[in-house]
Amino acid sequence: MKLAILSRNSKLYSTRRLVEAARERGHTVRVLDPLRCYIRIATDGFAMHYKGRQITGYDAVIPRVGASITRYGSAVLRQFEMMGSYTPNPSDAILKARDKLRCHQLLAAQGIGMPATVFGDNPDDTQDLLAMLGPPPHVIKLNEGTQGAGVMLTEKPSASRSVIEALRGLYANFLVQEFVAEAKGADLRCFVVGDAVVAAMKRQAPKGEFRSNLHRGGSAKGIRASATEQEVAIRAAKALGLGIAGVDLIRSKRGPLVLEVNASPGLEGIEAASGEDIAGAVIEFVGGRFGRRGSRVAGVARAPSEKSSPRNYA
Ligand code: ADP
Ligand code: MG
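The structure presented is a predicted model; accordingly, all values stated were derived computationally and were not measured.

This paragraph deals with the nonpolar core. Grouped together as the largest cluster of nonpolar side chains are 40 residues, with contacts concentrated most on Leu-32, Phe-80, Leu-242, Val-247, Val-258 and Val-261. Looking at this core, the element that brings in the most residues is helix H7 (residues 227-240), giving six residues. In terms of domain composition, this core takes at least three residues from each of domain 1 (2-95 + 287-293) and domain 3 (182-278). Counting 24 residues, the second largest nonpolar core, distinct from the first, contains Val-29, Met-201, Ile-270 and Val-282.

Below, the discussion takes up the pattern of salt bridges. Considering all chains together, one arrives at 16 salt bridges under this definition. Glu-20 is the salt-bridge partner of Arg-17, the closest N and O atoms lying 2.8 Å from each other. Here Arg-17 and its partner Glu-20 are both found in helix H1 (residues 13-24), three residues apart, which amounts to about one turn of the helix. A salt bridge links Arg-203 to Asp-248; the nearest nitrogen and oxygen atoms lie 3.1 Å apart. Here Arg-203, found in strand E12 (residues 196-204), pairs with Asp-248, found in strand E14 (residues 244-252); they are 45 residues apart in sequence, far enough to count as distant. Residue Arg-203 shares its accessibility class with Asp-248, and that shared class is buried. In this structure, a network of salt bridges that share partners links the residues Arg-17, Glu-20, Glu-24, Arg-25, Glu-271, Asp-277 and Glu-284.

Below, the discussion takes up the packing of helix H3 (residues 91-98) against helix H4 (residues 100-109). Remark: H3 packs on H4, axes separated minimally by 5 Å, with the N-to-C direction vectors making an angle of 100 degrees. Judged by the inter-axis angle, H3 sits roughly perpendicular to H4. Residues Leu-95, Lys-96, Ala-97 and Arg-98 of H3 lie in contact with H4, whose contacting residues are Lys-100, Arg-102, Cys-103 and Leu-106.

All chains considered together, the criterion is met by one cavity of 30 Å³ or more. Taken as a whole, the largest cavity encloses approximately 80 Å³ of empty space. In this structure, the largest cavity is lined by Leu-18, Ile-62, Pro-63, Arg-64, Asn-89, Phe-191, Ile-244, Ala-263, Ser-264, Pro-265, Leu-267 and Val-282. Structurally, the lining of the largest cavity is a two-domain feature, drawing no fewer than three residues from each of domain 1 (2-95 + 287-293) and domain 3 (182-278).

Moving on to the domain arrangement of the protein. Accessible area lost upon the coming together of the parts serves often as the stated size of an interface. Segmenting the protein into domains produces domain 1 (2-95 + 287-293), domain 2 (117-179) and domain 3 (182-278). Computed over C-alpha atoms, the centres of domain 1 and domain 3 are 25 Å apart. For the pair domain 1 and domain 3, the summed buried surface comes to about 1100 Å²; carbon and sulfur atoms form 47% of the total. Note that Arg-17 and Asp-277 form a salt bridge whose closest N and O atoms lie 2.7 Å from each other.

The relation between two aromatic rings is expressed through the spacing of the ring centres and the mutual angle of the planes. Per the stated rule, a full pass over the model turns up three aromatic pairs. Centroid distance Tyr-86 to Phe-290: 6.3 Å. Interplanar angle 65 degrees. Geometry classified as edge-to-face. With Tyr-86 in the loop between helix H2 (70-82) and H3 and Phe-290 in the loop between helix H9 (278-287) and helix H10 (304-307), this pair connects stretches of sequence that are 204 residues apart. Of the two residues examined, Tyr-86 and Phe-290, each falls in the buried class. Between the aromatic rings of Phe-179 and Phe-210, the centroid separation amounts to 6.0 Å while the plane-to-plane angle is 85 degrees, which identifies the pairing as edge-to-face. Of this pair, Phe-179 sits in the loop between strand E10 (174-178) and strand E11 (186-193) while Phe-210 sits in the loop between E12 and strand E13 (219-223); the two residues are 31 residues apart in sequence, bridging distant segments of the chain.

Right, let's get into the site of ligand 1. Near ligand 1, the surroundings consist of 21 residues, among which Lys-100, Lys-141, Gly-148, Ser-212 and Asn-213 are the closest. Between ligand 1 and the protein, one listed contact pairs a nitrogen atom with a backbone N or O atom of Val-180 at 2.9 Å. Between ligand 1 and the protein, one listed contact pairs an oxygen atom with a side-chain N or O atom of Glu-260 at 2.9 Å. Bound to the protein, ligand 1 loses 98% of the 550 Å² it would expose on its own. Among the elements of the structure, strand E8 (138-142), E10 and strand E15 (255-262) are those that each provide at least two residues to the shell around ligand 1. Along the lines of polarity and charge, the residues of the shell around ligand 1 split into eight nonpolar, seven polar and six charged.

Basis of the calculations
- Residues numbered from 1 in each chain as written.
- Chains lettered and ligands numbered in written order.
- Predicted model: local features only at pLDDT ≥ 70, side-chain atom pairs only at ≥ 80, totals over all residues.
- Heavy atoms only, no water.
- Core = buried A, V, L, I, M, F, W, Y, C linked by side-chain atoms within 4.5 Å.
- Buried < 20%, exposed > 50% of the residue type's maximum accessible area, 1.4 Å probe, protein only.
- Helix = DSSP H or I, 4+ residues; strand = E, 2+ residues; numbered from the N terminus.
- Domains from an automatic or database assignment.
- Salt bridge = Lys/Arg side-chain N within 4 Å of Asp/Glu carboxyl O.
- Axes fitted to C-alpha atoms, helices over the stretch in contact; angles between N-to-C directions.
- Parallel < 35°, antiparallel > 145°, perpendicular 65-115°, else oblique.
- Contact = heavy atoms within 4.5 Å.
- 1 Å grid on protein atoms, 1.4 Å probe; cavity = no way out; pocket = protein on both sides within 12 Å on 5 of 7 lines; lining within 4 Å.
- Points joined across faces, edges and corners; volume = space filled by probe spheres on them.
- Buried area = accessible area lost by both parts, 1.4 Å probe.
- Phe/Tyr/Trp six-rings, centres within 6.5 Å; stacked < 30°, edge-to-face > 60°.
- Near = heavy atom within 4 Å.
- Polar contact = N/O pair within 3.5 Å; in protein donor to acceptor, adjacent residues only side chain to side chain.
- Areas by Shrake-Rupley, 256 points an atom, 1.4 Å probe, with all protein chains shown as cover.
- Nonpolar A, V, L, I, M, F, W, Y, C, P; charged D, E, K, R; others polar.

The following block contains the structure:
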């Protein structure tokens with residue numbers, strides 16, 4: 001298959017590993033910086049250029065789109081989709097995952113476990129909003145925060161109210177959750193590829209911290225997720241439409257609760273912790289949809305000719 005990896009930097013660990021794994025399996029692979037892809041859209045068709053040259057003929061695209069370029073990156077990915085490329089993580093699925101509120105709405109609708117969550121806009125409603133959630137401690141999160149940076153713990157109702165007030169003053173979107181104390185500062189990252197959890201790691205927050213993010217000083221170790229945890233992770237990825245996802249769970253008295261579904265999960269931490277060849281699993285999942293010479297396997301993915309209109313997409 002002819003594969004594009006959308007990534008800002010070919011030297012990043014995850015990008016390098018995917019390139020390596022694709023080449024080892026005989027695929028043609030190129031790293032494209034999504035911010036250097038530019039597009040003409042008109043009624044007579046599309047054209048996409050990259051550093052002055054036309055981009056055509058990619059069978060598949062693996063997006064590695066960071067949170068800071070979600071909008072532009074997903075527009076570029078959507079363009080690849082419209083030009084007939086297959087992607088395990090479509091642009092719409094990435095947009096759903098990046099928005100914590102939308103993600104939780106979709107998970108709840110599928111009956112997937114998650115911490116009770118509230119959100120509201122008007123200061124006059126704050127008291128009732130918090131009453132709908134229950135007594136503190138509360139976890140207050142920026143809707144589009146990452147790496148634990150926008151996640152706060154409040155122990156008293158007055159603290160919850162003042163943090164909410166401050167965030168509203170900054171026009172920040174946020175949600176408020178019940179604090180799941182029994183997670184004890186640990187979470188579980190399940191790496192989902194298609195219908196399987198190919199690796200899992202447990203991350204533990206350092207002493208005095210409730211956020212287990214590695215960027216907040218957490219430590220990781222490879223573990224085997226239970227059958228229930230694997231099933232929840234796979235269902236969560238499916239609920240958002242992601243073929244490849246890092247699903248973060250916490251263990252609670254009422255079973256695994258999904259905190260977030262990462263659409264561009266990093267490979268470095270989890271390959272190191274688990275010892276698994278996750279890049280290989282990703283490439284085999286994507287490459288498995290194509291025959292030897294790049295043609296799609298019938299019935300597995302739509303052929304470009306079915307998807308694009310008779311117009312000639314440059
Ligand atoms: P981010 O996208 O910034 O990583 P998360 O929602 O994943 O935000 O939260 C970061 C970390 O904070 C989690 O990995 C978990 O350890 C902790 N955490 C988040 N929400 C809760 C909660 N409701 N109860 C207990 N711990 C939580
Ligand atoms: Mg997280």
